[in-house]
Amino acid sequence: MKTQGTSRRTFVQASAAAAVTVAFPSLAQAQAFPSKPIKLICPWPAGGSTDAVMRALAESASKALGGTVVVENKPGASGMLGPNELLRAQPDGYTLSQITIGVARLPHMMKMQFDPLKDFTYIACLTGYTFGVVVRSDSPIKSIADLVAFAKANPGKFTYGSTGNGTTPHLAFAEFASKAKIDVTHIPFKGSADGVQAVLGGHVMSHSDATGWAPQVEAGTMRLLATYGSKRTKRWPNIPTLNELGFDTVSDSPFGIGGPKGMDPAVVKKLHDAFKQTLTDPAVMASFDKYDQSVIYMGTDEYTQFIRNTFQSEKATIERLGLAMKT
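Residues numbered from 1 in each chain as written. Predicted model: local features only at pLDDT ≥ 70, side-chain atom pairs only at ≥ 80, totals over all residues. Heavy atoms only, no water.

**Student:** Explain the side chain of Thr 168 here, please?
**Tutor:** Secondary-structure assignment places Thr 168 in helix H7 (residues 168-180). If near-sequence neighbours (up to four positions away) are discounted, Thr 168 is found in contact with Ile 101, Arg 105, Phe 131, Ser 251 and Ser 253. (Helix = DSSP H or I, 4+ residues; strand = E, 2+ residues; numbered from the N terminus. Contact = heavy atoms within 4.5 Å.)

**Student:** Can you help me understand the packing of helix H6 (residues 144-153) against H7 in this one?
**Tutor:** Between two packed helices, the angle of one axis relative to the other and the distance separating the axes together describe the packing. Between H6 and H7, the shortest axis-to-axis distance is 11 Å and the interhelical angle comes to 70 degrees. Here H6 is positioned roughly perpendicular relative to H7, judged by the angle of their axes. Seen along the crossing, H6 lies across H7 with a hand that is right-handed. Only Phe 173, Phe 176 and Ala 180 of H7 make contact with H6, whose side of the interface consists of Ile 144, Leu 147, Val 148 and Lys 152. Counted by class, the contact of H6 with H7 contains six nonpolar, no polar and one charged residues. (Axes fitted to C-alpha atoms, helices over the stretch in contact; angles between N-to-C directions. Parallel < 35°, antiparallel > 145°, perpendicular 65-115°, else oblique. Left-handed = near helix turned anticlockwise from the far one by under 90°. Nonpolar A, V, L, I, M, F, W, Y, C, P; charged D, E, K, R; others polar.)

**Student:** Would you mind going over the environment of Ile 41 with me for this structure?
**Tutor:** Assignment of secondary structure puts Ile 41 in strand S1 (residues 38-42). With a relative accessible area of 0%, Ile 41 lands in the buried category. Residues Ile 41 and Cys 125, spaced 84 residues apart in sequence, show a C-alpha to C-alpha distance of 15 Å. Residues in contact with Ile 41, not counting those within four places in the same chain, are Met 54, Glu 72, Lys 74, Gly 82, Glu 85, Thr 95, Leu 96, Ser 97 and Gln 98. (Buried < 20%, exposed > 50% of the residue type's maximum accessible area, 1.4 Å probe, protein only.)

**Student:** How should the sheet that holds strand S4 (residues 120-129) be read in this particular structure?
**Tutor:** What the six strands build is an open sheet, ordered S2-S1-S3-S10-S4-S11; its pairing is mixed. One side of each edge strand has no neighbouring strand; the edge strands of this open sheet are strand S2 (69-73) and strand S11 (294-298). Strand-to-strand twist across the sheet, computed as the mean angle between neighbouring axes with direction ignored, equals 25 degrees. Two strands pair when backbone bridges link them, and strand S3 (residues 95-99) and strand S10 (residues 253-260) are joined in this way by three bridges, in the antiparallel orientation. Paired with Ser 97 across the two strands is Gly 258, which belongs to S10. (Pairing = 2+ DSSP bridges.)

**Student:** I'm lost on empty space enclosed by the protein in this one. Help?
**Tutor:** Considering all chains together, one arrives at one cavity of 30 Å³ or more under this definition. Taken together, 24 residues line the largest cavity, and the ones lying closest to its centre are Trp 44, Thr 50, Tyr 129, Thr 163 and Asp 209. No other element matches helix H3 (residues 49-65), which puts three residues into the lining of the largest cavity. (1 Å grid on protein atoms, 1.4 Å probe; cavity = no way out; pocket = protein on both sides within 12 Å on 5 of 7 lines; lining within 4 Å. Points joined across faces, edges and corners; volume = space filled by probe spheres on them.)

**Student:** I keep staring at the layout of surface pockets and nothing clicks. Help me out?
**Tutor:** Empty space among the atoms can be located by rolling a probe the size of a water molecule over them. Here the largest pocket defines a volume of roughly 390 Å³. As for the largest pocket, its lining consists of 20 residues, and the residues nearest its centre are Thr 130, Thr 233, Asp 292, Gln 293 and Ser 294. Only S4, helix H12 (282-290) and S11 provide two or more residues apiece to the lining of the largest pocket. Looking at the second largest pocket, its volume works out to about 320 Å³. At the level of elements, H7 and helix H13 (300-320) are the ones that each hand at least two residues to the lining of the second largest pocket. With six residues, the single largest contributor to the lining of the second largest pocket is H13. Taken together, the residues that form the lining of the second largest pocket break down as five nonpolar, six polar and five charged.

Rendered as structure tokens:
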């Protein structure tokens, strides 16, 4: 009888434990997460500013999670190869990608594989870029006024690179060109490192991008003509903004981390908390400072709503610039 009672109690306890597991699968899954390396896609080439920042974030998040976050570069398609891979990934938290404003913009310009409002889990927004336009230090273009004068005297001959069609560096410069009433030629590249090398090699006259060009500006091999923010940067206080020069162009571009749609909310929270914690890591802050980036934090719900709002506002911008997809 004692053995039978013990067996019955064991059965009841096991059944209760199973019921708890069934009732709270999210909790059990989150507690076991991560049990293997997490892939974090950087959709830009190795060696650029985004690559450096993403690697700092991955190293810090690895410590916070007690696991390993591995950065994988997938450059091209204006930063969309990462989001595209999320469409094919399991929603288990082991495949993540940097998410840029491009996911809310490019669907208005061309046919995309994804619907930004349905196909991703927006985990956390973390930071954003400072943008500017640079030329080689021996260029006769020494200011934005020189650039405008050259472009007006030589329609279509002034060339500028960016990190791809539809990226913020492309559209910010296009907005400036529209306000300045100049005809310029855009040359898209896969990322910052490629564009910088093209300027240094004399293949394009300028490059519009985030601060991957900073080391060359500091070394004196490139000249920074203007930045695109609402105010001058702390790092280059003598460099004017396009806005203060009278071209009514202000561009900020927050970015964050996303995963496939349908992720377990408890796993999303664990990832969110880990990446939020990176924003207190001195090594991460040092990487932000190096590329003149600031903390732009949004939690999961706020970030999701931000993408929804941006999707609508970017539609208006694309239409104003005449870049909307022809239907």
